[in-house]
Amino acid sequence: MAWVWSHPKEDDEWGADLDIRLCPPMKGTEFLGDKRLDPAIYRPVFKSKTGLKKFKKLHCPPMDGTTAVDAAWRDIILKFVPEDRVQFLPIRLIARGEVCDDFFWPIVMDRVYCIDPEKSVITQQIKDETRFFIFGVSKFVHIPGCLGKLHLARDARMSSHLLVSDQLKEALSATGEDSMFYRPEDVVTIDTMIAKKAASKLN
């Protein structure tokens, strides 16, 4: 099964925000690409009003909706994913003035067609004779076996959709954190949040 790696539960309560002013000239979505970035040039910076101690208790802390991992999770991932198929880009966290360089952005090189466009409920897309990109989904349905032999990949049509195999998910969850892993039908999207708010107003 392909699990979805999304926001950890702590995102709802606290976390760090990407500080564009302190970042090198890069698009906020470059970490979703499939090309290695030069760490001497690219060093994303996050800032938080939450103390550093809280972040360092987690292997995958809340970082502005992105996927951030510590060295322990990096090493686990590398047991399943070849080094040439994932880059761990160092990021900087400034938490209440304390500076931490212990976390990384995994830049995932592999792409698979996992979202079933016929069975999923797609709300935003670009589709013509040459392109098919997905930007909004209110209900995800995966194509069975879409990951194949891979353990970590992004969807070819929706690069923000990060996929994890059963085996890798189990290995990472064994460290005591698993709130960021979702079955496709349980993924909380912007569309579903808007729908829930609209429904609550009617009740």
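Look above for the structure.
Residues numbered from 1 in each chain as written. Predicted model: local features only at pLDDT ≥ 70, side-chain atom pairs only at ≥ 80, totals over all residues. Heavy atoms only, no water.

> Explanation requested: the nonpolar core in the structure shown.
Proteins that are soluble and globular tend to have nonpolar side chains buried together. Counting 21 residues, the largest nonpolar core has F46, F55, M63, I91, L93 and F103 as its most contacted members. Sorting the residues of this core by element identifies α1 (52-56), β4 (86-95) and β5 (98-108) as the ones contributing at least two each. Leave out the neighbours within four places in its chain, and M63 touches D11, A16, F46, F55, A68, I91, L93 and F103. Among the nonpolar cores identified, the runner-up in size contains 19 residues, and I77, V81, F88 and L152 belong to it. (Core = buried A, V, L, I, M, F, W, Y, C linked by side-chain atoms within 4.5 Å. Buried < 20%, exposed > 50% of the residue type's maximum accessible area, 1.4 Å probe, protein only. Helix = DSSP H or I, 4+ residues; strand = E, 2+ residues; numbered from the N terminus. Contact = heavy atoms within 4.5 Å.)

> I tried to follow a nonpolar patch on the surface on my own but got confused; where do I start?
Among the surface-exposed residues, I126, F133 and F135 lie close enough to one another that they form a single nonpolar patch of about 270 Å² accessible area. For I126, the location among the structural elements is in strand β7 (residues 121-127). Accessibility expressed as a relative area gives 32% for I126, which makes it partly exposed. (Patch = residues over 30% accessible without salt bridge, like charges linked within 9 Å, V, L, I, M, F, W, Y side chains within 5 Å. Areas by Shrake-Rupley, 256 points an atom, 1.4 Å probe, with all protein chains shown as cover. Salt bridge = Lys/Arg side-chain N within 4 Å of Asp/Glu carboxyl O.)

> Whenever I open this one, a positive patch on the surface confuses me. Can you help?
Side chains of K53, K54, K57 and R96 sit close together on the surface and give a patch of like positive charge. Looking at where R96 falls in the secondary structure, it is placed in the loop between β4 and β5. Since its relative accessible area comes to 64%, R96 is described here as exposed. (Lys, Arg positive; Asp, Glu negative; His and termini not counted. Charge placed at Lys NZ, Arg CZ, Asp CG, Glu CD.)

> What is the right way to read the side chain of D155 from this model?
Looking at the element boundaries, D155 is found in strand β9 (residues 152-155). For D155, which is buried and forms no salt bridge, the nearest opposite charge comes from R157, at a distance of 5.7 Å. At 2.8 Å, the side chain of D155 forms a polar contact with the backbone nitrogen of R157. Aside from chain neighbours lying at most four places away, what touches D155 is R111, V112, Y113, C114, I115, H161 and L163. (Polar contact = N/O pair within 3.5 Å; in protein donor to acceptor, adjacent residues only side chain to side chain.)

> Would you explain the sheet that holds β5 in this entry?
Picture the strands of a sheet paired through backbone hydrogen bonds; they go either parallel or antiparallel. The strand order across the open sheet built from four strands is β2-β3-β4-β5, with neighbouring strands paired in mixed fashion. Each edge of the sheet is formed by a strand with only one pairing partner; in this case those strands are β2 (17-18) and β5. Looking at chain direction, strand β3 (residues 45-48) and β4 are connected through four bridges and run parallel. The residue of β4 that forms the bridge with K47 is I94. (Pairing = 2+ DSSP bridges.)

> Sorry if this is basic, but what is going on with the pattern of salt bridges here?
Pairs can form between side chains of opposite charge once their charged atoms are near each other. With the rule as written, the count across this model stands at six salt bridges. A salt bridge links D101 to R92; its shortest N-O distance comes to 2.8 Å. With a relative accessible area of 33%, D101 lands in the partly exposed category. Residue R131 is joined to D128 by a salt bridge in which the shortest nitrogen-to-oxygen separation is 3.0 Å. Here the residues in one salt-bridge network are R43, R92 and D101, joined through shared partners.

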